[in-house]
Each structure stands twice: as C-alpha cells, then as structure tokens.
Amino acid sequence: MAYLDGYVIPVPEAKKAEYRALSEVTAELFLKFGATRVMETWSQDVPHGTATDFYRATLAEKGEAVVFAWVLWPDKATRDAGWGELMEAPEMQGRTMPFDGKRMFWGGFEPIVDRGES
C-alpha cells in the first residue's frame, strides 16, 4: 500500500532559488531511493486564518513563504529505508539549509482515500 510523507517549512522569500536548488537534489535522491513522486510547492494562495493557518503552524515571519511538500512511496518499508539512505547520501553531507529547521514539521501518512491520477 502507498505511503506519503508530508512536510511544511517556512523559507525566506529571498532564498527561494537556493531552496529550489536543494529541492532538485533531494527530489532526485528520493526517487533514487524508492519514492515514486516528489512535489515541492511554494505558497501562493495561502490565507491567514483567524484560529490557525500555515503561517502560525510554522511561526513564519514577515518575508517568509511557506513550502508544502510531499513524497509518495510504494510502502512504508521503502520510505523508512529511503529516508535512511537520504540522510547518509554524500550529497546531503555538510549542507547548510536555507531555512530554519526548528520550524519545519513533517509526518508519514497512510492513505485512506486515493482517487484520480497520481
């Protein structure tokens, strides 16, 4: 059964190109290590809510955009192994991230409804 990782990150708007370059590298690695699809998205139509929203969830500051991303895996076992390989990959060693990782959140999800094209 498919498995999905999702993550949300506040990224300084001035570092969009730097974040995109990092995303290109990580997407290729995710695919190399078993993912079937990777999508990184940059906030465009993300409203500020009255109780909660993406900005509050990430403590986004003025001048930061919110990235919403997901990685589709064939199953959880492939995902667990793939993440392990990603963290050990030479391409990921010594990198400075263009965002504050303390405000990133993520999780793994089991699909309960899956319709349409992937």
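Our structure's up above, just so we're on the same page.
Residues numbered from 1 in each chain as written. Predicted model: local features only at pLDDT ≥ 70, side-chain atom pairs only at ≥ 80, totals over all residues. Heavy atoms only, no water.

A. Here's a closer look at the packing of aromatic side chains. Scanning all chains against the criterion turns up four aromatic pairs. Measuring from ring centre to ring centre gives 6.1 Å for Phe 54 and Phe 68, while their planes differ by 70 degrees; the resulting arrangement is edge-to-face. In this pair, Phe 54 is assigned in helix H2 (residues 54-58) and Phe 68 in strand S3 (residues 64-73), connecting sequence segments 14 residues apart. Given the relative accessible area of 36%, Phe 54 is considered partly exposed. Phe 68 gets classed as partly exposed once you look at its relative accessible area, which sits at 41%. Cluster of aromatic residues (ring-pair linked, three or more members): Phe 30, Trp 73 and Trp 83. (Phe/Tyr/Trp six-rings, centres within 6.5 Å; stacked < 30°, edge-to-face > 60°. Helix = DSSP H or I, 4+ residues; strand = E, 2+ residues; numbered from the N terminus. Buried < 20%, exposed > 50% of the residue type's maximum accessible area, 1.4 Å probe, protein only.)

B. Spatial organisation of the nonpolar core. One finds Tyr 7, Ile 9, Tyr 19 and Phe 30 to be the most contacted residues of the largest nonpolar core, which totals 18 residues. Elements with a minimum of two residues in this core: strand S1 (3-12), helix H1 (16-32) and S3. Among residues more than four places away in sequence, those in contact with Tyr 19 are Tyr 7, Ile 9, Val 11, Glu 40, Trp 42, Val 67, Pro 98 and Phe 99. (Core = buried A, V, L, I, M, F, W, Y, C linked by side-chain atoms within 4.5 Å. Contact = heavy atoms within 4.5 Å.)

C. Structural view of the layout of surface pockets. Taken as a whole, the largest pocket encloses approximately 430 Å³ of empty space. Only S1, H1, helix H3 (76-88) and strand S4 (105-109) provide two or more residues apiece to the lining of the largest pocket. The biggest single contributor to the lining of the largest pocket is H1, with five residues. Grouping the amino acids of the lining of the largest pocket by side-chain chemistry returns 13 nonpolar, four polar and four charged. (1 Å grid on protein atoms, 1.4 Å probe; cavity = no way out; pocket = protein on both sides within 12 Å on 5 of 7 lines; lining within 4 Å. Points joined across faces, edges and corners; volume = space filled by probe spheres on them. Nonpolar A, V, L, I, M, F, W, Y, C, P; charged D, E, K, R; others polar.)

D. Quick look at the sheet that holds strand S2 (residues 37-42). The four strands lie next to each other as S2-S3-S1-S4, forming an open sheet whose pairing is antiparallel. Each having just a single partner strand, S2 and S4 make up the two edges of the open sheet. Taken pair by pair, the neighbouring strands of this sheet meet at an average axis angle of 15 degrees, ignoring direction. Examined bridge by bridge, S1 and S3 share ten bridges and lie antiparallel to one another. Considered in S3, the bridge of Tyr 7 is made with Ala 69. (Pairing = 2+ DSSP bridges. Axes fitted to C-alpha atoms, helices over the stretch in contact; angles between N-to-C directions.)

E. Region of interest: the pairing of S1. Among the ten residues of S1, eight are classified as buried, and the element is accordingly described as predominantly covered. The pairing of S1 with S4 spans five bridges and is antiparallel. The partner of Leu 4 across the bridge, within S4, is Phe 109.

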